[in-house]
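# Structural overview
Given next are the chains, with one letter for each unit.
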Amino acid sequence: MTSNSHHTPDHEAPHEGPIKTPKQLIWAVLFAFLVPILGIVLLVTYVGAGKKPGAGTDILAEEAVARRIQPVGTVDLRLAVAGGGVLKTGEQVFQAQCAACHGTGAAGAPKFGDADAWGPRIKSGYEALLASALKGKGAMPPQGGALSDVEVGRAVVYMANKGGANFAEPKAPAGAEAPAAAAAPADAAPAAAPAAAAAPAAETGVAAPALYTQSCQTCHGAGIAGAPKVGDKAAWAPRVAQGIDALTASAIKGKGAMPPKGGTTASDADIKAVVTYMANASK
């Protein structure tokens, strides 16, 4: 009688893995380490190659750096005397810069020609008056910048002398004034007699920002004597609502403490330009 107790079916035999020898085990361990390392090296090489600049990009990069580190602003040095080296007279500076306040006595400014108001100031001397004009005093801002010290000094002397002083006009630096006209030939016709008082030069063609700085900033920059301060939207809103033409007409004719054309001899077109400039800056 045959017995099948010692027969083991195939499906009950133990399973064997792919690694059957020590040599195969060593190779498997090596590949387990080398494959990830190789993958990392290839990835780093690929990423590094993608960041390399192309031809000529070094110059572009240097230009970009230069633009980033360049100064925010630049200083443009100009001659202090405008008009080709010709200094303004005291009367011209007064009309363009000082008449707005000193012509009406606004904001405590000593009124032009008022000997009582100018008397105590004249006693302090020319140098003290000039220093106050250049540095600013009370509601009056510094009067330098667009004008030279000599031109400011001439205006101080012009106003002070009209108030009872007898100051000598400051001398112009060498080369600041226009050269004298050449002598006329002996047989030339006699020149016409000069006018009793030369009229201030008309400020035609002056850029609006420059005219504002020279003539309007004194009052409109600080809101003196009821002048709407530039940048104050609430103060300018009802005025802007009237329209530029109406504002220009008021500036040309004068209104309140503001003399006609702000005390300047600017053209109507220049007045309109500076009114528009102030209105736009206050919207």
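Residues numbered from 1 in each chain as written. Predicted model: local features only at pLDDT ≥ 70, side-chain atom pairs only at ≥ 80, totals over all residues. Heavy atoms only, no water.

### Some points on the overall build of the chain
- Looking only at helices and strands, one finds ten helices and zero strands in the chain.
- Each helix and strand of the chain, placed in order from N terminus to C terminus, yields the pattern α-α-α-α-α-α-α-α-α-α.
- Split into buried and exposed, the 283 residues of the chain put 26% on the buried side.
- Partitioning the contacts of the chain with sequence separation of at least 6, the portion at a separation of at least 24 is 60%.
- Accessible surface, the chain as shown: approximately 19,000 Å² in total, 62% of it carbon and sulfur. (Helix = DSSP H or I, 4+ residues; strand = E, 2+ residues; numbered from the N terminus. Buried < 20%, exposed > 50% of the residue type's maximum accessible area, 1.4 Å probe, protein only. Contact = heavy atoms within 4.5 Å. Areas by Shrake-Rupley, 256 points an atom, 1.4 Å probe, with all protein chains shown as cover.)

### Some details on the packing of aromatic side chains
- Applying the stated criterion across every chain, the model contains six aromatic pairs.
- Seen from their ring centres, Y212 and Y277 are 5.8 Å apart, and the 55 degrees between their planes marks the pair as tilted. In this pair, Y212 sits in helix α7 (residues 208-220) while Y277 sits in helix α10 (residues 268-280), placing the two residues 65 residues apart along the sequence.
- Taking the relative accessible area as the measure of exposure, Y212 reaches 10% and is therefore buried.
- In textbook terms, an aromatic cluster arises when at least three aromatic residues are bridged by ring pairs, as seen for F94, F112 and Y158. (Phe/Tyr/Trp six-rings, centres within 6.5 Å; stacked < 30°, edge-to-face > 60°.)

### Thoughts on a nonpolar patch on the surface
- Side chains of I19, L25, V29, F33, I37 and V41 sit close together on the surface and give an oily, nonpolar patch of about 560 Å² of accessible area.
- Looking at the element boundaries, V29 is found in helix α1 (residues 22-50).
- Judged by its relative accessible area of 40%, V29 is partly exposed. (Patch = residues over 30% accessible without salt bridge, like charges linked within 9 Å, V, L, I, M, F, W, Y side chains within 5 Å. Salt bridge = Lys/Arg side-chain N within 4 Å of Asp/Glu carboxyl O.)

### Some details on the nonpolar core
- One finds A160 and F167 to be the most contacted residues of the largest nonpolar core, which totals 20 residues.
- Mapped by element, the contributors of at least two residues to this core are α3 (90-102), α4 (115-123), α5 (126-135) and α6 (149-162).
- Here this core takes seven residues from α6, the largest share from any one element.
- Apart from residues no more than four positions distant in its own chain, F167 is found in contact with I122, G125, Y126, L129, V157, A160 and N161.
- L211, Y212, A251 and A279 belong to the second largest nonpolar core, which has twelve residues in total. (Core = buried A, V, L, I, M, F, W, Y, C linked by side-chain atoms within 4.5 Å.)

### Re the side chain of S282
- Looking at the element boundaries, S282 is found in the segment after α10.
- A polar contact of 2.8 Å, which involves the side chain of S282, links it to the backbone oxygen of M278.
- Dropping the residues within four chain positions of it, S282 is found in contact with K229, V230, G231, D232, K233 and W236. (Polar contact = N/O pair within 3.5 Å; in protein donor to acceptor, adjacent residues only side chain to side chain.)

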